[in-house]
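Examining the three-dimensional arrangement
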Amino acid sequence: MIQGTSIVYFPSHGDERGSLVAVESGRDIPFDVKRVYYIYGTQPNVVRGRHAHKDINQIILCVHGNCDIFLDNGEEQCVLRLDKPNEGVYIHGFIWREMFNFSEDCVLLVLVDRYYDPDDYEYDREELKK
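Overview of the structure. (Residues numbered from 1 in each chain as written. Predicted model: local features only at pLDDT ≥ 70, side-chain atom pairs only at ≥ 80, totals over all residues. Heavy atoms only, no water.)

1. Details of the sheet that holds strand β4 (residues 35-40)
One open sheet holds the five strands; their spatial order is β1-β9-β6-β11-β4, and the pairing between them is antiparallel. With partners counted over all chains shown, the strands left at the sheet margins are β1 (5-9) and β4, one partner each. On average, each strand axis in the sheet is inclined to that of its neighbour by 25°, with strand direction left out of account. Note that strand β6 (residues 57-64) and strand β11 (residues 107-112) share six bridges and pair antiparallel. Note on β11: the bridge partner recorded for L61 is L109. (Pairing = 2+ DSSP bridges. Helix = DSSP H or I, 4+ residues; strand = E, 2+ residues; numbered from the N terminus. Axes fitted to C-alpha atoms, helices over the stretch in contact; angles between N-to-C directions.)

2. So, the nonpolar core
Counting 20 residues, the largest nonpolar core has I60, I69, L71, L82, V89, I91 and L108 as the members making the most contacts within it. Looking at this core, the elements that each hand over two or more residues are β6, β7 (67-72), β8 (77-82), β9 (87-92) and β11. For V89, the contacting residues outside a window of four places in its chain are M1, T5, S6, V8, Q58, I59, I60, I69, L71, L80 and L82. Ranked by size, the runner-up nonpolar core spans eight residues in total, among them V8, F31, L61 and L111. (Core = buried A, V, L, I, M, F, W, Y, C linked by side-chain atoms within 4.5 Å. Buried < 20%, exposed > 50% of the residue type's maximum accessible area, 1.4 Å probe, protein only. Contact = heavy atoms within 4.5 Å.)

3. Digging into the sheet that holds strand β12 (residues 121-122)
Spatial ordering of the open sheet is given by β8-β7-β10-β5-β12, a layout of five strands whose pairing is antiparallel. With one partner strand each, in any of the chains shown, β8 and β12 form the two edges of the open sheet. Where β7 and strand β10 (residues 96-100) come together, five bridges link them in antiparallel fashion. Pairing of I69 across the sheet is with M99, part of β10.

Spatial relationships are all this shows, so hold off on functional conclusions.
Rendered as structure tokens:
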């Protein structure tokens, strides 16, 4: 892991009927959720993300299938495999992210503490080093 990110785990409850993961804002998530979106149907060899946020908190969960996520805080880098529906990555601060190696059935769920703001996006990775 790199500074500005952490792995988050959500309890999974299940029995012979299947499994359930409940996520509560303010309890399981260290911020109030203002926006939720999901990514699916990503074609092979596609890279998503390729940006950082200037001021945002978000949790990215792979609720189905799997993919890899590259993270860069300007000093450290890492690649994580997202492949468990009750485990995700918490990203806070100015962190570059790229999601890739999507399985055909991958569904990424993203929980965010801000409403969409196009001015919050940074598409120049070199800005991390400044």
